[in-house]
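# Commentary on secondary and tertiary structure
Read off the chains here:
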Amino acid sequence: SQTIHQWPATLVQPVGSPLSLECTVEGTSNPNLYWYRQAAGRGLQLLFYSVGIGQISSEVPQNLSASRPQDRQFILSSKKLLLSDSGFYLCAWSPVYEQYFGPGTRLTVT
Amino acid sequence: QQQVKQSPQSLIVQKGGIPIINCAYENTAFDYFPWYQQFPGKGPALLIAIRPDVSEKKEGRFTISFNKSAKQFSLHIMDSQPGDSATYFCAASIRYGGATNKLIFGTGTLLAVQP
């Protein structure tokens with residue numbers, strides 16, 4: 001069966017510091033991968049998606065970037081965090097239509 | 001055009017009641033409609049989904065009703081239990097960029113089932 005992992009689970013970072021969040025999927029190959037952000041008490045905002053290694057599409061222009069160095073690995077990065085980057089970051093994978101979410105990373109920028 | 005409107009924002013029912021959450025869309029290109037359940041601090045979990053050529057789908061105590069002409073769909077939870085207390089999101093899927101699909105999410109409904 002397929003499993004999706006995210007780490008770290010929680011992160012507290014100062015403004016201006018770099019960020020690296022990692023997502024890996026097990027039990028499948030060549031999945032579509034997605035990064036979402038969920039602000040407190042709100043819906044999900046799609047940030048990036050990837051259909052293959054090195055193929056990244058951005059949905060929202062901001063100071064975040066994504067990379068897919070391996071088939072089942074998706075990384076979300078920032079060079080300098082802003083206060084507004086705080087939120088719950090979710091990675092998801094999709095075989096075709098349905099999307100399956102990971103456990104999420106709670107990021108607090110102080 | 002790509003919005004999914006969800007209501008109500010919050011809902012309180014007694015144990016055994018049948019909460020109903022409604023969603024509406026405009027874009028007829030949407031071709032897949034999932035519902036997600038999210039507990040605090042957890043990622044959303046796929047609960048049930050339907051395609052527009054089906055008017056109803058049941059999985060356990062969860063039922064989706066779909067009205068293609070009205071562009072509306074709803075989630076019913078039969079015999080609701082306190083453990084069903086969570087935030088529920090509807091979504092609509094559209095083919096995007098030729099090789100993937102994009103989910104447009106509703107704003108969520110916070111459900112509380114009182115014992």
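Heads up: the structure comes first, above all this text.
Here's what I pulled together on the structure shown here. (Residues numbered from 1 in each chain as written. Chains lettered and ligands numbered in written order. Predicted model: local features only at pLDDT ≥ 70, side-chain atom pairs only at ≥ 80, totals over all residues. Heavy atoms only, no water.)

## As for the overall build of chain A
This is how the line gets drawn: For helices the rule is a DSSP run of H or I covering at least 4 residues; for strands it is a run of E covering at least 2, with both sets numbered from the N terminus onward. Only protein chains enter the accessibility calculation, which uses a 1.4 Å probe; a residue whose area is less than 20% of its type maximum is buried, one above 50% is exposed, and one in between is partly exposed. Residues are treated as being in contact if the distance between any of their heavy atoms lies within 4.5 Å. Surface exposure here means Shrake-Rupley accessible area, sampled with a 1.4 Å probe, where a residue is shielded only by the protein chains that are shown. A positive count includes Lys and Arg, and a negative count includes Asp and Glu. His and the chain ends are not counted in either. The atom standing in for a charge is NZ when the residue is Lys, CZ when it is Arg, CG when it is Asp and CD when it is Glu.
The helix and strand inventory of chain A stands at 0 helices and 11 strands. Starting at the N terminus and ending at the C terminus, chain A contains elements arranged as β-β-β-β-β-β-β-β-β-β-β. Dimensions along the principal axes, computed over C-alpha positions, put chain A at roughly 35 × 25 × 20 Å. Going through the 110 residues of chain A one by one, you find that 48% of them count as buried. Nonlocal contacts in chain A, meaning residues at least 24 apart in sequence, comprise 53% of its contacts between residues at least 6 apart. In the form shown here, chain A has an accessible surface area of approximately 5100 Å², with 53% of it arising from carbon and sulfur atoms. Distance from the positive charge centre (7 side chains) to the negative charge centre (6 side chains) of chain A: 10 Å.

## Considering the pattern of salt bridges
Keep this limit in mind: Any carboxyl oxygen of Asp or Glu that lies within 4 Å of a side-chain nitrogen of Lys or Arg is treated as forming a salt bridge with it.
Using the criterion set out here, one finds 5 salt bridges over all chains in the structure. With a closest N to O distance of 2.7 Å, Lys102 of chain B and Glu59 of chain A form a salt bridge. Linking Lys102 of chain B in strand β10 (residues 100-105) with Glu59 of chain A in the loop between β6 (55-58) and β7 (64-70), this pair reaches from one chain into another. Overall, the relative accessible area of 12% leaves Lys102 of chain B in the buried class. Lys57 of chain B serves as the salt-bridge partner of Glu59 of chain B, at 3.6 Å between the closest nitrogen and oxygen. By relative accessible area, which is 36% here, Glu59 of chain B ends up partly exposed. Looking at Lys57 of chain B, the relative accessible area reads 31%, which means it is partly exposed.

## Examining the pairing of strand β4 (residues 32-38) of chain A
As a general feature of sheets, a regular strand has side chains that alternate between the two faces. Residues and elements named next belong to chain A. Basically, it comes down to this: We call two strands paired when DSSP finds no fewer than two bridges between them.
Summarising burial for β4: 7 of the 7 residues are buried, a large majority. Of the two faces of β4, the one lined by Asn32, Tyr34, Tyr36 and Gln38 and the one lined by Leu33, Trp35 and Arg37 are each fully buried. Pairing between β4 and strand β9 (residues 87-94): 7 bridges, direction antiparallel. Residue pairing across strands places Asn32 opposite Ser94, the latter belonging to β9. Direction of pairing for β4 relative to strand β5 (residues 44-52): antiparallel, over a ladder of 6 bridges. Residue pairing across strands places Gln38 opposite Leu44, the latter belonging to β5. Linking two consecutive strands that pair antiparallel, namely β4 and β5, is a turn of 5 residues; a positive phi of about 70° is found at Gly41 within it.

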